[in-house]
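Per-entry structural report
The residues making up each chain are set out below.
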Amino acid sequence: MLSVLSYGRLVARAVIGGLSQTDSRDYSLVTASCGFGKDFRRGILKKGMCYGDDACFIARHRSADVLGVADGVGGWRDYGVDPSQFSSTLMKTCERLVKEGRFVPSSPVGVLTTSYYELLQNKVPLLGSSTACIVILDRQSHRLHTANLGDSGFLVVRGGEVVHRSDEQQHYFNTPFQLSIAPPGAEGAVLSDSPDAADSSSFDVQLGDIILTATDGLFDNMPDYMILQELKKLKNTNYESIQQTAQSIAEQAHILAYDPNYMSPFAQFACDNGLNVRGGKPDDITVLLSIVAEYTD
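Residues numbered from 1 in each chain as written. Predicted model: local features only at pLDDT ≥ 70, side-chain atom pairs only at ≥ 80, totals over all residues. Heavy atoms only, no water.

Defined as follows: UniProt positions are given in the numbering used here, feature names are shortened, and annotations may be inferred rather than shown by experiment.
The name an unreviewed UniProt entry assigns to the protein chain is Protein phosphatase, from the organism Takifugu flavidus. As its UniProt record puts it under Sequence similarities (unreviewed entry), the protein chain is described as follows: "Belongs to the PP2C family."

Put into structure tokens, the structure is as follows:
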């Protein structure tokens with residue numbers, strides 16, 4: 001039987017051994033973007049990182065890498081409102097907060113909340129609605145912190161398998177959770193969710209993990225197994241290879257979106273809700289593709 005002293009020594013050795021194996025390197029994200037507006041047949045990036053009514057941002061701070069996507073709700077166009085203005089302003093505000101260091105890496109909901117309330121306080125009302133997904137990599141802790149409101153989202157792929165996936169938030173079929181700003185006096189008539197309603201998660205990542213963040217234009221048209229097939233084309237961790245793969249994924253989703261004979265995930269979801277639907281879902285598509293790498297200045 002081990003004495004108390006001997007047992008203590010073994011525990012100390014185990015602890016010290018465990019600490020010695022801890023990866024002390026800082027991590028970062030190497031990220032590329034690609035997308036399509038549904039009114040275009042070629043990928044066109046508008047000023048401000050926008051693909052159609054979708055918007056996105058990629059920002060770096062000394063403590064973290066942060067990225068996000070937002071999908072402007074197209075129904076506002078019927079009321080003379082450009083849906084891309086809300087989503088793009090929301091993402092630009094998030095980006096500015098990150099670059100100014102006005103965020104906590106472990107709280108992507110905080111970034112979303114602060115950005116949204118800045119929009120609410122604008123002297124000139126910015127009308128519209130948007131889903132949003134924010135992803136933050138804390139460089140030192142190697143933890144990924146996420147907040148997803150609505151039906152945009154993310155995948156984390158390791159060893160060719162999906163190890164983490166965001167949960168979609170829907171009030172009912174084809175009506176996702178969303179941030180909104182309504183005209184004065186019409187607040188109760190417009191669907192609006194609090195940033196705090198976002199689904200949050202936090203988990204460790206490893207070097208080489210692939211993180212794909214996208215709007216529903218991707219996930220409504222490509223099931224996970226198709227996305228994983230495209231990700232197999234990613235052979236290197238350099239930016240050029242990541243960009244090529246992001247483009248390949250976005251292009252494939254764009255082609256499927258206009259295929260009337262394809263049974264898309266959206267069509268399957270519609271059938272599950274009692275609707276007779278077939279084909280892809282024409283929509284704006286935004287893809288941010290990231291690889292977890294060792295941080296270098």
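So that's the structure; there's more coming.
**Some thoughts on the packing of helix 2 (residues 83-99) against helix 3 (residues 108-120)**
Stated precisely, the cut-off is as follows: Inter-axis angles, ranging from 0 to 180 degrees, are taken between N-to-C directions of lines fitted to C-alpha atoms, where helices are fitted over the stretch in contact. Each helix is a run of DSSP H or I of at least 4 residues and each strand a run of E of at least 2, with the numbering of both proceeding from the N terminus. Angles below 35 degrees are treated as roughly parallel, those above 145 as roughly antiparallel, those between 65 and 115 as roughly perpendicular, and all remaining angles as oblique. Throughout, a crossing is termed right-handed when the near helix is turned clockwise from the far one, and left-handed when it is turned anticlockwise from it by less than a right angle. What makes two residues a contact is simply this: any of their non-hydrogen atoms within 4.5 Å. In this classification, the charged set is Asp, Glu, Lys and Arg, the nonpolar set is Ala, Val, Leu, Ile, Met, Phe, Trp, Tyr, Cys and Pro, and all remaining amino acids, among them Gly, are polar.
Between helix 2 and helix 3, the least distance of the axes is 9 Å, while the angle of their chain directions is 125°. The orientation of helix 2 relative to helix 3 falls into the category oblique. Here helix 2 runs over helix 3; the crossing is right-handed. Contacts between helix 2 and helix 3 involve Phe86, Thr89, Leu90, Thr93, Cys94, Arg96 and Leu97 on the former and, on the latter, Val111, Leu112, Thr114, Ser115, Tyr116, Glu118 and Leu119. Partitioned by chemical class, the residues of the contact of helix 2 with helix 3 number eight nonpolar, four polar and two charged.

**A look at the nonpolar core**
Rule in force here: Grouping buried Ala, Val, Leu, Ile, Met, Phe, Trp, Tyr and Cys residues that are joined through side-chain atoms within 4.5 Å yields what is termed a nonpolar core. Summary of the burial criterion: residues with accessible area below 20% of their type's maximum are buried, those above 50% are exposed, and those between are partly exposed, where the area comes from a 1.4 Å probe applied to protein chains only.
Formed by 28 residues in total, the largest nonpolar core has its most connected members in Phe57, Val66, Met91 and Ile134. Mapped onto this core, the elements with two or more residues apiece are strand 3 (54-60), strand 4 (64-72), helix 2, helix 3, strand 5 (128-138), strand 6 (143-149) and strand 11 (179-181). Beyond its immediate sequence surroundings of up to four residues, Met91 is in contact with Ala55, Cys56, Phe57, Gly68, Val69, Ala70 and Ile134. Val157, Leu212, Ala214 and Tyr262 belong to the second largest nonpolar core, which has 27 residues in total.

**As for the environment of Ile136**
Along the polypeptide, Ile136 turns up in strand 5. Here the alpha-carbon distance between Ile136 and Leu29, two residues 107 residues apart in the chain, equals 9.5 Å.

**Quick look at unusual backbone geometry**
One non-glycine residue, His142, lies in the positive phi region at around 60°. With respect to the element layout, His142 can be found in the loop between strand 5 and strand 6. If you check the backbone angles, Asn174 has positive phi at about 60° while not being a glycine. Along the chain, Asn174 falls in the loop between strand 9 (170-172) and strand 10 (175-176).

**Things to note about the sheet that holds strand 8 (residues 161-165)**
Going by this rule: We treat two strands as partners when DSSP finds at least two bridges between them.
As summarised here, the arrangement of the five strands in space is 1-14-13-7-8, forming an open sheet in which the pairing is antiparallel. Each edge of the sheet is formed by a strand with only one pairing partner; in this case those strands are strand 1 (27-36) and strand 8. Mean inter-strand twist for the sheet, computed between neighbouring axes without regard to direction, equals 25°. Seen against the sheet, helix 5 (residues 224-231) touches strand 7 (153-158), strand 8, strand 13 (210-214) and strand 14 (285-294) and runs at an angle of roughly 55° to strand 7. Helix 6 (residues 239-257) rests against strand 1, strand 13 and strand 14 of the sheet, and its axis sits at about 35° to strand 1.

**Quick look at the environment of Gln178**
To be explicit about the condition: Between N or O atoms, a polar contact is any pair within 3.5 Å; within protein, one atom must be a potential hydrogen donor and the other a potential acceptor, and residues adjacent in sequence are included only when both atoms are from side chains.
Secondary-structure assignment places Gln178 in the loop between strand 10 and strand 11. With a relative accessible area of 8%, Gln178 lands in the buried category. Residues Gln178 and Leu149, 29 residues apart in the sequence, show an inter-C-alpha distance of 6.4 Å. If we ignore the near neighbours within four places in the chain, the residues touching Gln178 are Val73, Ser129, Ser130, Thr131, Leu149, Leu191, Ser192 and Asp193. Among the polar contacts made by the side chain of Gln178, one reaches the main-chain carbonyl oxygen of Pro176 at a distance of 2.8 Å.

**Comments concerning the pattern of salt bridges**
The following threshold applies: In what follows, salt bridge is the name for a side-chain nitrogen of Lys or Arg lying within 4 Å of a carboxyl oxygen of Asp or Glu.
Within this structure, the stated rule accounts for 17 salt bridges. Glu294 serves as the salt-bridge partner of Arg25, at 3.5 Å between the closest nitrogen and oxygen. Of this pair, Arg25 sits in the loop between helix 1 (4-20) and strand 1 while Glu294 is found in strand 14, placing the two residues 269 residues apart along the sequence. Exposure remark for Arg25: the relative accessible area of 36% places this residue in the partly exposed category. Between Asp224 and Arg165 there is a salt bridge; the shortest N-O distance is 2.9 Å. Residue Asp224 is found in helix 5, and its partner Arg165 is found in strand 8; the two are separated by 59 residues along the sequence. A cluster of three or more residues bridged by salt bridges with shared partners is formed by Arg96, Glu100, Arg102 and Glu118.

**Details of helix 6**
Filter applied, for reference: In a helix, the anticipated span is given by 1.5 Å times the number of residues less one.
For helix 6, with 19 residues, the first-to-last C-alpha span of 27 Å sits near the 27 Å given by 1.5 Å per residue. Those residues of helix 6 that are buried are in contact with strand 1, strand 13, helix 4 (216-219), helix 5 and strand 14.

**Quick look at the side chain of Ser129**
With respect to the helices and strands, Ser129 occurs in strand 5. Setting aside anything within four residues of it in sequence, one finds Ser129 in contact with Asp71, Gly72, Val73, Trp76, Phe86, Gln178, Leu179, Ser180 and Val190.

**Quick look at the packing of aromatic side chains**
Selection rule: Stacked, edge-to-face and tilted are the three classes for Phe, Tyr and Trp ring pairs, Trp counted by its six-membered ring, which pair at centre distances within 6.5 Å; planes under 30 degrees apart are stacked, over 60 edge-to-face, the rest tilted.
In this structure the tally under the stated criterion is four aromatic pairs. Ring centres of Phe173 and Phe269 lie 5.3 Å apart, and the angle between their planes is 70°; this geometry places the pair in the edge-to-face category. Note that Phe173 is positioned in the loop between strand 9 and strand 10 and Phe269 in helix 7 (residues 265-272), a separation of 96 residues in sequence. Assessed through its relative accessible area of 31%, Phe269 is described here as partly exposed.

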